Amino acid sequence: MQFIKKMKRRKLIVTILCTGLLTGGLHAQTAKARIKIDVERQTDRIDRMIYGNFVEHLGRCIYGGLYEPGSPLSDGDGFRKDVLEAAKALNTSIVRWPGGNFVSGYHWEDGVGVREQRPVRIDLAWGFRENNSFGTDEFVAWCRKAGTEPYFCVNLGTGTMDESRNWVEYCNVEKGTYYSDLRVKNGYPLPHKVTYWGLGNEVDGPWQMGHKSAEDYGKMALETAKLMKWIDKDIKLVVSGSSNYGADWTRWNRTVLDYLKNHADYIALHHYAGNRNNKFDEFMASTRFAERAVKVTEGLINEVRAKTNRNIYIAFDEYNVWYRARGEEGNEEVYNLEDALVVATYLNIFVRNAHIVKMANMAQLVNVIAPIFSTPEGSWRQTIFYPLELFANHCHGTALQTFTDCETYRLRAEDIPYLDVSSAYNEETREVIINVVNRSENNAIATDIISQTGVFGGKAKVFEVNGQNIKDENSAGKQTVQTKTKEVTAKGEKFTYSFPAHSYTMIKAEIRL
Ligand code: AHR
């Protein structure tokens, strides 16, 4: 009874995100918000691969981004050293290549061997000329230098099954076969050992070269997957899931999962957010659809698991804010503070759903809708760099189920909590990591942060991404939006922290059990 009375005084949002249950509560004001952390309420290990990126042969992503031979800023292989350093600072765990829409017309053999003899082709996805001077061997070499895992995507648009399995042979077979010997001849005696392979890109979209129905794609992807795994049984395959949400995307995911249930290790989801109506509160809630897509796809995975008992996970292998530089040359979006906050809400989704999302790739890495921006003179960090950098460097360990109780705002038929939260427990450092986006444009939100198992040890480190104005941008000479750090006292069962308006905050606090 006491509890019910208490509930009536509050607008209660209980977020048990591992089950996806969202309960809108009763009415009245919440003076203070509450976040409850319990290191025993665990979701699953956070896979480092949720902090990945994507590079595509598009605009200045590869040429002038990763690769600029002859530039004083490049190393002996032609790789931009400043971009490599920025990628390392992002701790990027896995990088998807070569597309994107580009891959649906890409023939990998064009991009190996003597550089001067590689053909120049017209890329029909983006309308650029591709000289193929950066190909398989260059990308793998770049990944090794960046300390990241290569993730290839094969051409299931205009490509053939043979091309895909030959690519696996080129990369992963040691020697003694046509394609492995070709690699050796090209100067790479050791196999590249590429583990992660995508089975086509956004084949559900009519904008894609070689767009197919779910059935046609399912059949082709299955036959391709068989051949690729027969070349190397240890590779992991990603089936192309939904990107076209105007179409019947659940049917697409169900169908392709059913075809690939014995071969795919992941299903890819793509989602981009945008603020076309220039409404902050709408924009801040725009990634909720991405979480719904995760939940629905998890259900579809469970449906096929009932038939196979194999694990299939979600690879959210394209996500970002993208709505301004669409269709313009090179898609060089310039990001502001509100975009960085939306990126932090994507990352919260991946952490909250760590049991099923085992890979995620921000699209992209440099220049094209990217956290890193380079010019011939140097490079700088966009606003969206900072939340990704914080998550990728600090949010490791086990994801926790987080209880959040805060005020909400009404958007169409939904109550949107002002605080968007994820948390994790790092067993090695004995710290909890709490990620909070305050979706309120004008109000700070005072919050009691309560530990339900063990107590806070004394000091907590706070990292904050914020700025004066939600439209603040960075540029070559000015890092207006970046991470600010400070220490606060966090001792005993609870401490209070006020999350500033329009901010993303990460708190790292020691826990004593
Ligand atoms: O990342 C840019 C493009 O967005 C990719 O080429 C495509 O897969 C998606 O539509």
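Whatever comes next refers back to the structure up there.
The model shown is predicted, which means the values in this text are computed figures rather than measured ones. (Residues numbered from 1 in each chain as written. Predicted model: local features only at pLDDT ≥ 70, side-chain atom pairs only at ≥ 80, totals over all residues. Heavy atoms only, no water.)

1. Description of the overall build of the protein chain
Broken down by element type, the protein chain carries 11 helices and 27 strands. The C-alpha radius of gyration of the protein chain comes to 23 Å, within 12% of the 24 Å expected for a compact globule of 513 residues. Principal-axis analysis of the C-alpha atoms gives the protein chain an extent of 75 × 55 × 45 Å. When each of the 513 residues of the protein chain is scored for burial, the buried share is 61%. Summarising the internal contacts of the protein chain: among those between residues at least 6 apart in sequence, 76% fall at separations of at least 24. Carbon and sulfur atoms make up 49% of the accessible area of the protein chain, which amounts to about 20000 Å² in all. (Helix = DSSP H or I, 4+ residues; strand = E, 2+ residues; numbered from the N terminus. Rg over C-alpha atoms; globule rule 2.2 N^0.38 Å. Buried < 20%, exposed > 50% of the residue type's maximum accessible area, 1.4 Å probe, protein only. Contact = heavy atoms within 4.5 Å. Areas by Shrake-Rupley, 256 points an atom, 1.4 Å probe, with all protein chains shown as cover.)

2. Details of helix 9 (residues 288–308)
Compared with the 30 Å implied by 1.5 Å per residue over 21 residues, the 30 Å span of helix 9 between its first and last C-alpha is a close match. The set of residues buried in helix 9 consists of R288, A290, E291, A293, V294, T297, E298, L300, I301, V304 and T308. Within two residues after helix 9, N309 carries a phi angle of roughly 60°, on the positive side. (Expected span 1.5 Å × (residues − 1).)

3. Here's the deal with the site of the ligand
Taken together, F54, E56, G100, N101, W126, N201, E202, Y272, E318, W322, Q364 and I369 make up the full set of residues near the ligand. Contacts to the ligand include E202, whose side-chain N or O atom sits 2.7 Å from an oxygen atom. One of the side-chain nitrogen or oxygen atoms of E318 is found 2.7 Å away from an oxygen atom of the ligand. For the shell around the ligand, the per-class residue count stands at 5 nonpolar, 4 polar and 3 charged. (Near = heavy atom within 4 Å. Polar contact = N/O pair within 3.5 Å; in protein donor to acceptor, adjacent residues only side chain to side chain. Nonpolar A, V, L, I, M, F, W, Y, C, P; charged D, E, K, R; others polar.)

4. Describing the sheet that holds strand 27 (residues 503–512)
On the basis of which strands lie adjacent, the open sheet formed by 7 strands has the order 4-17-21-22-27-24-25 and antiparallel pairing. Edge strands, defined here as strands with exactly one partner in the open sheet, are strand 4 (42–45) and strand 25 (482–492). Across this sheet, the average inter-strand angle for adjacent strands is 20°, counted without regard to direction. Bridging between strand 24 (residues 455–466) and strand 27 involves 8 bridges; their strand directions are antiparallel. Bridging from a neighbouring strand, K461 pairs with K508 of strand 27. Contacts between helix 10 (residues 337–352) and the sheet are confined to strand 4, strand 17 (398–400), strand 21 (419–426), strand 22 (431–438), strand 24 and strand 27, with strand 21 contributing the most and set at about 50° to the helix. (Pairing = 2+ DSSP bridges. Axes fitted to C-alpha atoms, helices over the stretch in contact; angles between N-to-C directions.)

5. Points about the packing of aromatic side chains
Following the criterion strictly, the structure yields 38 aromatic pairs and no others. Aromatic pair W167 and W197: ring centres 5.7 Å apart, planes at 75°, arrangement edge-to-face. Of the two residues, W167 sits in helix 4 (residues 161–172) while W197 sits in strand 10 (residues 196–199), which places them 30 residues apart along the sequence. Residue classification places W197 among the buried residues on the basis of a relative accessible area of 0%. Taking the centre distance of 4.9 Å and the plane angle of 70° together, the rings of Y319 and F350 count as edge-to-face. Highlighted residues: Y319 in strand 13 (residues 313–321) and F350 in helix 10, separated in sequence by 31 residues. Of the two residues, Y319 and F350, both sit in the buried class. (Phe/Tyr/Trp six-rings, centres within 6.5 Å; stacked < 30°, edge-to-face > 60°.)

6. Remarks on the pattern of salt bridges
By the definition in use, this model includes 38 salt bridges. With a closest N to O distance of 3.1 Å, R352 and D420 form a salt bridge. Of this pair, R352 sits in helix 10 while D420 sits in strand 21; the two residues are 68 residues apart in sequence, bridging distant segments of the chain. With respect to burial, R352 and D420 carry one shared label: buried. The network of salt bridges with common partners includes E291, R352, D420 and R439. (Salt bridge = Lys/Arg side-chain N within 4 Å of Asp/Glu carboxyl O.)

7. Side note on the packing of helix 4 against helix 6 (residues 214–231)
For the pair helix 4 and helix 6, the least separation of the axes is 9 Å and the interaxial angle reads 25°. When the axes of helix 4 and helix 6 are compared, the pair comes out roughly parallel. In the crossing of helix 4 with helix 6, the sense of the turn from one axis to the other is right-handed. Across the interface between the two elements, M161, S164, R165, V168 and E169 of helix 4 pack against E223, T224, L227, M228 and I231 of helix 6. A per-class count over the contact of helix 4 with helix 6 returns 5 nonpolar, 2 polar and 3 charged. (Parallel < 35°, antiparallel > 145°, perpendicular 65-115°, else oblique. Left-handed = near helix turned anticlockwise from the far one by under 90°.)

8. A look at the sheet that holds strand 11 (residues 236–240)
Within a sheet, neighbouring strands are paired by backbone hydrogen bonds and run either parallel or antiparallel to one another. With parallel pairing, the 8 strands of this closed barrel are ordered in space as 5-6-9-10-11-12-13-14. Strand-to-strand twist of the sheet, defined as the mean angle between neighbouring strand axes without regard to direction, takes the value 30°. Relative to strand 6 (residues 94–97), strand 5 (residues 52–54) is paired through 2 bridges, and the arrangement is parallel. When the sheet's bridge partners are listed, N53 is paired in strand 6 with V95.

9. Notes on the side chain of T383
Secondary-structure assignment places T383 in the loop between strand 16 (378–381) and helix 11 (385–394). Here the side chain of T383 touches N336 through a polar contact of 2.8 Å, landing on its backbone oxygen. The residues contacting T383, other than those within four sequence positions of it, are Y335, N336, L337, A340, D472, E473, N474 and V481.

10. Comments concerning helix 2 (residues 81–89)
Regarding helix 2, the residues found buried are V83, L84, A86 and A87. For helix 2, the arc enclosing every buried residue in end-on projection is 165°, short of the 170-degree limit, so these residues lie on one face. A positive backbone phi angle near 55° is found at N91, which sits one or two residues after helix 2. (Arc of directions from axis to C-beta.)

11. Considering the nonpolar core
Ranked by size, the top nonpolar core spans 124 residues in total, and within it L66, W142, W197 and F350 carry the most contacts. Broken down by element, this core gets its largest block of residues, 11 residues, from helix 10. Mapping this core onto the domain boundaries places at least three of its residues in each of domain 1 (29–44 + 400–512) and domain 2 (47–394). When sequence neighbours within four positions are dropped, the list of residues in contact with W197 reads Y151, F152, V154, W167, V168, C171, N172, M228, I235, K236, L237 and V238. In this structure, A33, I35, I445 and V488 belong to the second largest nonpolar core, which totals 25 residues. (Core = buried A, V, L, I, M, F, W, Y, C linked by side-chain atoms within 4.5 Å. Domains from an automatic or database assignment.)

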